[in-house]
Each structure stands twice: as structure tokens, then as C-alpha cells.
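Results of the structural survey
Listed below, chain by chain, are the residues.
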Amino acid sequence: MRLRRIGVSACGVVLALAVGRGGLAGAAAEEKSPFAAADAQILSEIREHSEAAANLEYLSDSIGARLTGSPQLKQANDWTRDMFAKYGAVNAHLEGWTMERSWARGMASARIVGPAEHPLTIAAAGWSPSTPGAITGAVVYFDAKEKKDFAKFSREAEGCDCHLPGAR
């Protein structure tokens, strides 16, 4: 069967092998190689028909982050299986697996309420727990340059007067 398109993964591997061989062997040795014609055909397919950039753009911009167990991972897995089938893979399928606990990034918001209101840009870290509700407290300036700075911040934050709704 004639290879019409090269998938994202196969493209990278083939390109690395082809460039590695070409760089080490030199042009004269490559012409004598029994693989020279196949190498030239593969490189031609990459230059003329590669969908690697479009595939990466779709995965990154349309599907987005693919944390383990997330709906986006399922969507990316299904899309990848379908693309391998489109590219001619005979047995493109997904293997079953169980994820004990999945995590999906939900909405997170923060704002300074006084003396002037100011919205803050925040995002939750992967697999971090949610808060039991709104949290209010004093703003603490934290300028970490190195990992050791976190210990100093932790000590400063312990004295912070933060309030959870319903907590006393």
C-alpha cells in the first residue's frame, strides 16, 4: 500500500532517522545506499503533504489541555485513533484503562475588593482541591525567586487573617 500521509508521531521519527543518516553518511554515501530512494520519497512526503503543524494546532487550540482522566484527554485519544485510521493504520484502536480519580480545571476567580476593586488572574494547579467557598483575607506580597523562598512565604502566610465562610 502506498503511503499517502505521515502521522504526527511517525513523521517525527522518520524525519529524525532520515536527517541523522544524511548528516552522518554524507551525500555520496547516501546515493549508494539501498535506502536512498525510500529516504528521498519519505522526505518528499514530509515536505509536500505533512499535516504535523495542523495536527499540533488542532490538539493545542481546539482540544486544549489533556490532563489524565479529563474529558479533553478522551477527546484527544478518540481524535488520534481516528487520525491513525485515516492515515492507513490497520488496527487503530484504544486500550481500556481505569483512572481512579480524574481532575478537570474549573472556573477560578479572585479580586481585590478594597480600597479599590481590582480583578486578579488566577488558575488552579492540577489536582488541587477546591476551597469550601469564598475566601477573604489580607493581600500578602510574595516574590519567589527560588524554591527556598516558599518556606519564608509559608511562615508569613500563617499569620494572615484569612476567613472562610462559616468558619470561626
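Quick summary incoming for the structure in this document. In this text, all values refer to a predicted model and were calculated from it rather than measured experimentally. (Residues numbered from 1 in each chain as written. Predicted model: local features only at pLDDT ≥ 70, side-chain atom pairs only at ≥ 80, totals over all residues. Heavy atoms only, no water.)

This next bit is on the packing of aromatic side chains. Scanning all chains against the criterion turns up one aromatic pair. When the ring of Tyr 58 is compared with that of Trp 79, the centres are 5.2 Å apart and the planes differ by 25 degrees; the resulting orientation is stacked. On the criterion of sequence distance, the pair formed by Tyr 58 in helix H3 (residues 52-63) and Trp 79 in helix H4 (residues 71-86) is long-range, its members being 21 residues apart. For Trp 79, a relative accessible area of 17% gives the class buried. (Phe/Tyr/Trp six-rings, centres within 6.5 Å; stacked < 30°, edge-to-face > 60°. Helix = DSSP H or I, 4+ residues; strand = E, 2+ residues; numbered from the N terminus. Buried < 20%, exposed > 50% of the residue type's maximum accessible area, 1.4 Å probe, protein only.)

This part is about the environment of Ala 134. Mapping Ala 134 onto the fold places it in the loop between strand E2 (118-120) and helix H5 (149-158). In this structure, the C-alpha to C-alpha distance between Ala 134 and Ala 110, residues 24 residues apart in sequence, is 9.3 Å.

The omega torsion across Gly 114 and Pro 115 is 5 degrees, close enough to zero to call that bond cis. With respect to the helices and strands, Pro 115 occurs in the loop between strand E1 (110-112) and E2.

Core analysis: the biggest nonpolar cluster contains six residues, these being Leu 59, Ile 63, Ala 76, Trp 79, Met 83 and Tyr 87. Elements with a minimum of two residues in this core: H3 and H4. Here this core gets three residues from one element, more than from any other, and that element is H4. (Core = buried A, V, L, I, M, F, W, Y, C linked by side-chain atoms within 4.5 Å.)

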